[in-house]
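Analysis of the macromolecular model
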Amino acid sequence: MSTLEIRDLQVSVKLPEGELKPILHGVDLTVKSGETHAIMGPNGSGKSTLAYSVAGHPKYEITGGSVTLDGEDVLEMSVDERARAGLFLAMQYPVEVPGVSVANFLRTAKTAIDGEAPKLRTWGGELRGAMERLHMDPAFAQRNVNEGFSGGEKKRHEIVQLELLKPKMAILDETDSGLDVDALRVVSEGVNRVRDTGDTGLLLITHYTRILRYIKPDHVHVFVAGRIVEQGGPELADKLEESGYERYVAGAGPARV
Ligand SMILES: Nc1ncnc2c1ncn2[C@@H]1O[C@H](COP(=O)(O)OP(=O)(O)OP(=O)(O)O)[C@@H](O)[C@H]1O
Ligand SMILES: [Mg+2]
């Protein structure tokens, strides 16, 4: 049983001139293994900033608050240490890694996270199985990570990683964006398989309720202008589908520039 605890998290983005622009203004969130949380909010509200801050992207400066995983201070850890501690981020825009094949990348990541290389006898089958379940052609194993992948192929590759790496906490940033209806179903089934193990806590970031038809969240958080402004159960997502974010945005004051 694992717990990710985010307390009063305040984050600024580092601008090229060296100035700091505040984006997150005090975020509180607790995610336990087996739970699925959805964070929904308009463009530019800071959802990806939250994901990157937890994962340790150097572009962001933590100016206040805390993040712990099972009581361990995540903010003190390097990006590698965070991954080894069991944190996983599926990025909104997965990066290309030229010169590194999918097969090599996954084996290296698995080895780093487990602290030992996966057994050769079983690993090939595990990899093929995960790719098959995500409807990825086995030929992808020999291609360079994300290089030339279509938007939907990149997202499916993220879920292959999720299934193989079995993290304690997974943040999926707009994993639904750019997916056609069939891919959305395949990706959602993958996420649900991970959820059903009960060993992983999931934080789904999305604008739309589309993916929440397939993956039922236990908790929904509405995120506007760098903070959580409302929380509820799955019914809150339906309400947002009808009414949009306007009433929250109006209450948040003028957009910060
Ligand atoms: N280098 C930068 N300079 C200025 N503003 C920045 C910079 N990087 C990020 N921001 C701003 O931070 C805010 C939050 O961005 P973020 O990507 O976290 O939003 P988001 O909620 O994920 O949006 P979306 O739904 O479009 O993915 C945005 O207004 C963005 O323009
Ligand atoms: Mg985003």
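Residues numbered from 1 in each chain as written. Chains lettered and ligands numbered in written order. Predicted model: local features only at pLDDT ≥ 70, side-chain atom pairs only at ≥ 80, totals over all residues. Heavy atoms only, no water.

1. Section: the coordination of the magnesium ion (ligand 2)
With distances of 2.0 to 2.2 Å, the protein atoms coordinating the magnesium ion (ligand 2) are Ser48 (OG) and Gln92 (OE1). Note that Ser48 is positioned in helix α1 (residues 47–55) and Gln92 in the loop between β6 (87–90) and β7 (97–101), a separation of 44 residues in sequence. Just as Ser48 is buried, Gln92 falls in that class too. (Donors = N, O, S within 2.8 Å, 3.2 Å for Na, K, Ca; no water. Helix = DSSP H or I, 4+ residues; strand = E, 2+ residues; numbered from the N terminus. Buried < 20%, exposed > 50% of the residue type's maximum accessible area, 1.4 Å probe, protein only.)

2. Here we look at the packing of aromatic side chains
Scanning the entire structure with this criterion turns up two aromatic pairs. Centre to centre, the rings of Phe140 and Phe149 are 5.0 Å apart; their planes meet at 85°, and the pair counts as edge-to-face. With respect to class, Phe140 is no different from Phe149; both count as buried. Residue placement shows Arg247 over the ring face of Tyr248; its charged tip is 4.5 Å from the ring centre. (Phe/Tyr/Trp six-rings, centres within 6.5 Å; stacked < 30°, edge-to-face > 60°. Lys NZ or Arg CZ within 6 Å of the ring centre and 35° of its normal.)

3. Details of the site of ligand 1
Around ligand 1, the structure places 16 residues, and the nearest of them are Gly44, Lys47, Ser48, Thr49 and His207. Between ligand 1 and the protein, one listed contact pairs an oxygen atom with a backbone N or O atom of Gly44 at 2.8 Å. Measuring from an oxygen atom of ligand 1, one finds a side-chain N or O atom of His207 at 3.4 Å. When the free accessible area of ligand 1 is taken as 650 Å², the share hidden by the protein chains comes to 69%. Counting only elements with at least two residues in the shell around ligand 1, the list comes to β2 (20–32) and α1. No other element matches α1, which puts three residues into the shell around ligand 1. (Near = heavy atom within 4 Å. Polar contact = N/O pair within 3.5 Å; in protein donor to acceptor, adjacent residues only side chain to side chain. Areas by Shrake-Rupley, 256 points an atom, 1.4 Å probe, with all protein chains shown as cover.)

4. Some details on the pattern of salt bridges
Applying the stated criterion to the full structure yields 11 salt bridges. Asp70 is the salt-bridge partner of Lys168, the closest N and O atoms lying 3.9 Å from each other. Here Lys168 is found in the loop between α5 (151–165) and β9 (169–173), whereas its partner Asp70 is found in the loop between β4 (60–69) and β5 (72–73), with 98 residues between them in sequence. Judged by relative accessible area, Lys168 falls into the partly exposed class, the value being 36%. Given the relative accessible area of 38%, Asp70 is considered partly exposed. Taking the shortest distance from any N to any O, the salt bridge between Arg193 and Glu163 comes out at 2.6 Å. Residue Arg193 is located in helix α6 (residues 181–196), and its partner Glu163 is located in helix α5; the two are separated by 30 residues in the primary sequence. The exposure class of Arg193 is partly exposed, given its relative accessible area of 30%. The network of salt bridges with common partners includes Glu5, Arg7 and Asp28. (Salt bridge = Lys/Arg side-chain N within 4 Å of Asp/Glu carboxyl O.)

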